[in-house]
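Topology and contacts: notes
Listed below are the residues making up each chain.
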Amino acid sequence: RKESKLNEVTLDLKAGPFPVTFRDEGGHLEGGMLQQDPQFGMSHEEGVIAAMTGLGEADFDLSVPIETLSTGRAKMIVPLKSLDAIRRVQPQFAALSQYSRKTDGNTGPYFVTRETVSRSARVHARNLIPSGEDPVTGSAGGCCAAWMVKHGWAQSDESLIIEQGLEIMRPGTMKVRAKMTAEADRLAVLRDR
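All of these numbers come straight from a predicted model, not from anything done at the bench.

A short note on the environment of Pro171
Mapped onto the elements of the fold, Pro171 is located in the loop between β10 (160–164) and β11 (172–180). Residues Pro171 and Ser120 lie 51 residues apart in sequence; the distance between their C-alpha atoms is 14 Å. Contacts of Pro171, omitting those with residues within four sequence positions, involve Gln164, Gly165 and Leu166.

Quick look at the structure:
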């Protein structure tokens with residue numbers, strides 16, 4: 001059997017072409033991609049989101065905004081105070097989809113909290129999509145990295161880990177980073193894994 005030396009592929013997605021590079025990291029293969037520069041959209045009220053998710057307004061981390069942004073696919077980043085809150089999310093999928101279509105067209109909420117299961121993770125996340133819940137979501141991870149840098153949850157160009165999928169018994173992690181550039185405080189999102 002001949003070993004392949006392929007170390008880059010280009011994904012042809014709705015948001016455009018995304019080159020993905022691969023490298024061997026101590027016997028396991030890691031892939032990385034550069035996402036589009038983030039486009040920040042509208043902010044959302046916690047009361048509106050609470051009514052569609054079974055949460056109380058006290059569950060939200062009000063030190064940072066609930067905000068839509070896109071690095072190719074728009075996500076609504078929803079910061080929560082705790083693991084307990086993120087585990088209690090009971091989505092009303094029809095209401096969330098209708099709200100997204102009526103507001104800024106985001107693809108649903110990406111819940112994040114700084115309380116994590118693993119000490120190596122910076123945030124714990126859940127990604128709700130119209131068909132249910134996605135275990136690990138690269139496009140949302142890129143949005144989250146840019147949002148974290150903008151709002152002080154991470155430093156520019158800092159590599160960090162997002163844990164996701166534990167609530168649906170499909171755990172995974174992503175290593176992400178976003179870099180603020182001098183050009184009008186532009187953010188670039190670099191997903192390492």
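Some words on unusual backbone geometry
We note that Asp157 has phi near 70 degrees; this positive angle belongs to a residue other than glycine. Mapped onto the elements of the fold, Asp157 is located in the loop between α4 (138–150) and β10. Here Met169, not a glycine, exhibits a phi torsion of approximately 60 degrees, which is positive. Checked against the element boundaries, Met169 lands in the loop between β10 and β11. You can call Met169 exposed: its relative accessible area is 70%.

Section: helix α3 (residues 93–102)
Looking only at α3, the buried set comprises Leu96, Ser97, Tyr99 and Ser100. When α3 is viewed along its axis, its buried side chains cluster within an angular range of 160 degrees and face the same direction. Facing away from the buried side of α3 by over 90 degrees, the exposed positions are Ala94, Arg101 and Lys102. Contact partners of the buried residues in α3: β4 (39–44), α1 (46–51), β6 (74–79), β7 (109–113) and β8 (123–129).

Here's the deal with the pairing of strand β3 (residues 28–34)
When strand β2 (residues 16–25) meets β3, the two strands line up antiparallel, connected through six bridges. Bridging from a neighbouring strand, Arg23 pairs with Glu30 of β3. The hairpin formed by β2 and β3 contains two residues between the paired strands, and Gly26 there has a positive phi angle of roughly 65 degrees.

Some words on the side chain of His44
Along the polypeptide, His44 turns up in strand β4. Take His44: its relative accessible area is 5%, and that puts it in the buried class. Only 2.7 Å separates the side chain of His44 from the side chain of Thr68, close enough to count as a polar contact. Non-local contacts of His44, meaning those with residues more than four positions away in its chain, are made with Ile49, Ile66, Glu67, Thr68, Met76, Tyr99, Thr103, Asp104 and Asn106.

Let's talk about the nonpolar core
Ranked by size, the top nonpolar core spans 22 residues in total, and within it Ile77, Tyr110, Val112, Cys144, Trp147, Met148 and Ile162 carry the most contacts. The set of elements that each furnish at least two residues to this core consists of β7, β8, α4, β10 and β11. By residue number, the principal contributor to this core is α4, which donates eight residues. Beyond its immediate chain neighbours, meaning those up to four positions away, Ile77 contacts Pro65, Ile66, Glu67, Leu69, Tyr110, Val112, Cys143, Cys144 and Trp147. Core analysis: the second largest hydrophobic core is formed by 17 residues, Ile49, Met52, Val89 and Phe111 among them.

Examining the environment of Arg114
Tracing the backbone through its elements, the reader meets Arg114 in the loop between β7 and β8. A relative accessible area of 45% means that Arg114 is categorised as partly exposed. In sequence terms Arg114 and Trp153 are 39 residues apart; their C-alpha atoms lie 8.6 Å from each other.

Section: α4
Its 13 residues give α4 an end-to-end C-alpha distance of 19 Å, which sits within 8% of 18 Å, the value for a rise of 1.5 Å per residue. Buried residues dominate α4, accounting for eleven of its 13 residues. Within α4 the residues assigned to the buried category are Gly138, Ala140, Gly141, Gly142, Cys143, Cys144, Ala145, Ala146, Trp147, Met148 and Val149.

Reading guide: rules and limits
- Residues numbered from 1 in each chain as written.
- Predicted model: local features only at pLDDT ≥ 70, side-chain atom pairs only at ≥ 80, totals over all residues.
- Heavy atoms only, no water.
- Helix = DSSP H or I, 4+ residues; strand = E, 2+ residues; numbered from the N terminus.
- Contact = heavy atoms within 4.5 Å.
- Buried < 20%, exposed > 50% of the residue type's maximum accessible area, 1.4 Å probe, protein only.
- Arc of directions from axis to C-beta.
- Pairing = 2+ DSSP bridges.
- Polar contact = N/O pair within 3.5 Å; in protein donor to acceptor, adjacent residues only side chain to side chain.
- Core = buried A, V, L, I, M, F, W, Y, C linked by side-chain atoms within 4.5 Å.
- Expected span 1.5 Å × (residues − 1).

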